[in-house]
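Okay, here's what each chain looks like letter by letter:
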Amino acid sequence: MGKARTRDKPLKFEQAIEKVEAIIDQIDSGEVELEQCLTQYEAGVKLLNRCYSILSAAERKIAELTTDAQGKLKIVETSDRNDK
Amino acid sequence: MARLPFDSNGSADPTARPAVGNVARSDTPLTVSQVAALVRGVLAEALPAKLRIIGEVSNFTARTHWFFSLKDEQATLRCVCFASSAGRVGFRLADGIEVVATGRIDYYDAQGQLQLYVEKLEPVGQGALELRFRQLCDELRQLGYFDVERKKPLPTMPQRVAVVTSRTGAALQDVIHTAARRWAGCQLLLYDVHVQGAAAAPEIAAAIDTLSQQGKPLGIDAVILTRGGGSIEDLWAFNERVVADALFRCPLPVAAAIGHETDTTVAELVADMRCATPTQAAMTLIPDREALEHQLRQLSHRLVLLMRRRVDASRQRVDSAARHPLLQRPDRMLAPLRDRLTTLSRLLTTGALRKLQSSQQQVEALTRQLGALGPRNVLQRGYSYTLRPNGRVLRQPQQVQPGDRITTVLAAGRLTSRVETNGQANATSPRRRGKRKADDDTQRELFT
């Protein structure tokens, strides 16, 4: 059943990357106060860590989509199938 | 009773088909219906039940049934294709198209002409499927199915991708292997469908429609529609209108890779991304972990570097501020103030002195002025005053009597005199006395 990927997530990968890039631009511009820079920097590090953790997500096995008698789409985890 | 122009005994049915041999031998006239029946019989015996005839289509009209002629340089043949057969043709007939028509030739009694009753039509030159493909492409292009503007961007980090293909096909394995090699964090969901045969197109269309309606709540971000190589007939399901319609409606981005790189199907043209092979579809849709990690490393490096640079710059500012002479020798900050104070105090002193001097001078001047008015100075100018014998100032002659000794005070000393007369006769009136009193007062002021 579709149990995977439940807790999601303040920012998606690409959004997080975009945010980090924006932070870098801000720090680079020199227009932001040092204190704010430090806050931004911390946020950037957190975002990058989040991206790393997304990338290193555990391997997810292929599952199968089927429809039941009512036409409702379901995900069936195929633990017994070995798609080699 | 009029005699019939033919021998009516025996064969009373005018439509009854006379034997060909009998007709040849008999002079008996035939009814038109008999001739028609005769012709049909001859045709049925002489011609095969099915003929394949090649010719160019002309005078094409499509009502419920299709009517047209097949012709070549010398001959024309009327053709009719009933609606049931026309529905199976798969391409649109038009004048000028060269076709192979399969059917039977029969005689149409009512119009007295030979007709080909068409059961199957195939275009010549380009295959029927090819023509059908081209015509469907034209139609869908006009409807905007291929417009670039309506193509949806593929997600950069799909979490779940539905793979619509056959469980047994090689395409699925290619997708699985490629996905695993790139990023295992993306889950593939197989939607098993037939990818060839009559069931394929409706199954594929239904799968796409189901994903359109229910895919998003299941966290499906994108769809791969794929199939391995095959003949045009094998791939045909992906050229069917139902599949194109389903793809056109699908709100999820779809990457399609059907057949070999050289094959093009309608499904691929309608899909948001057309990929050459199943492997390429997986590569297009599933991010490469290594490349992304490289990107992340670069971003981390830049972030740290810039932050360090920023902190260094701030530290330098603090350092240079700390090195400023004023902060190094704070007493110097007071020097200008001290100078100012000194100047002011000097100005104050000199000012005060000057004021004092001028005041002194003023006092001296006034003293001198006052001195000039004093009795001694008056005496110096030659005035004198006289004292009565009692030592008091003599102001009126009546205050002394003749014989009285009076003392006159001069600037340089005194002299004593004796009064001879006091001028009694010149006594003044009371009014004059008032005046005299005023004079006395003036005189007194002189001495006080």
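Along every chain, residues carry numbers that run from 1 in the direction the sequence is written. Throughout, the order in which chains and ligands are written sets their labels, letters from A for the former and numbers from 1 for the latter. Selection of residues for local features in this predicted model requires a pLDDT of at least 70, selection of side-chain atom pairs for listing and counting requires 80 or more, and totals for whole chains, interfaces and linings are taken over all residues.

1. Observations concerning the overall build of chain B
Selection rule: Counting from the N terminus, the helices are DSSP H or I runs at least four residues long and the strands are E runs at least two residues long. Here exposure depends only on C-beta density: within 10 Å of a residue's C-beta, 20 or more other C-beta atoms make it buried, 12 or fewer make it exposed, and intermediate numbers make it partly exposed, the C-beta atoms being placed from the backbone.
Scanning chain B from N- to C-terminus turns up 14 helices and 13 strands. Across the 448 residues that make up chain B, the buried fraction comes to 23%.

2. Some words on the interface of chain B and chain A
Basically, it comes down to this: A pair of residues counts as a contact when their C-beta atoms, built from backbone coordinates, are separated by no more than 7 Å. Three classes are used, and their members are as follows: Ala, Val, Leu, Ile, Met, Phe, Trp, Tyr, Cys and Pro are nonpolar, Asp, Glu, Lys and Arg are charged, and the others, Gly among them, are polar.
At the interface, 29 residues of chain B touch 31 residues of chain A. Counting only elements with at least two residues in the side of chain B that touches chain A, the list comes to strand S7 (187-192), helix H6 (200-214) and helix H10 (289-322) of chain B. Per element, the largest residue contribution to the side of chain B that touches chain A is twelve residues, and it comes from H10(B). Of the residues assigned to the side of chain B that touches chain A, the class counts are 15 nonpolar, nine polar and five charged.

3. Some thoughts on H6(B)
For clarity, the cut-off: Helix span, as expected, comes to 1.5 Å for every residue beyond the first.
The terminal C-alpha atoms of H6(B) lie 21 Å apart, and with 15 residues this matches the ideal 21 Å at 1.5 Å per residue to within 8%. Residues of H6(B) that are buried include every one of Ala200(B), Ala201(B), Glu203(B), Ile204(B), Ala205(B), Ala207(B), Ile208(B), Thr210(B) and Leu211(B), and no others. Looking at the buried residues of H6(B), the elements they touch are strand S1 (63-67) and strand S2 (73-77) of chain A together with strand S6 (160-165), S7, strand S8 (222-227) and helix H7 (241-249) of chain B.

4. A short note on the sheet that holds strand S1 (residues 51-62) of chain B
The following threshold applies: Two strands qualify as a pair provided DSSP detects at least 2 bridges between them. To define axes, lines are fitted to C-alpha atoms, for helices over the stretch in contact only, and angles between the resulting N-to-C directions are given on a 0 to 180 degree scale.
Pairing in this closed barrel of five strands is mixed, and the strands run S1-S2-S3-S5-S4 (chain B) around the ring. Looking at each pair of strands side by side, their axes are set apart by 50 degrees on average, direction ignored.

5. Considering the nonpolar core
The line we're drawing: By convention the nonpolar core is taken to be a set of buried residues drawn from Ala, Val, Leu, Ile, Met, Phe, Trp, Tyr and Cys and joined through C-beta atoms within 7 Å.
Counting residues in hydrophobic clusters, the biggest one holds 58 residues, and the most contacted among them are Val161(B), Val163(B), Leu189(B), Ala255(B) and Ala267(B). Residue contributions to this core peak at seven residues, all from H6(B). Leaving out residues up to four positions away in the same chain, Val163(B) has contacts with Leu172(B), Val175(B), Leu188(B), Leu189(B), Leu190(B), Tyr191(B), Ile224(B) and Thr226(B). Membership of the second largest hydrophobic core comes to 19 residues, among which are Phe13(A), Val20(A), Leu48(A) and Leu292(B).

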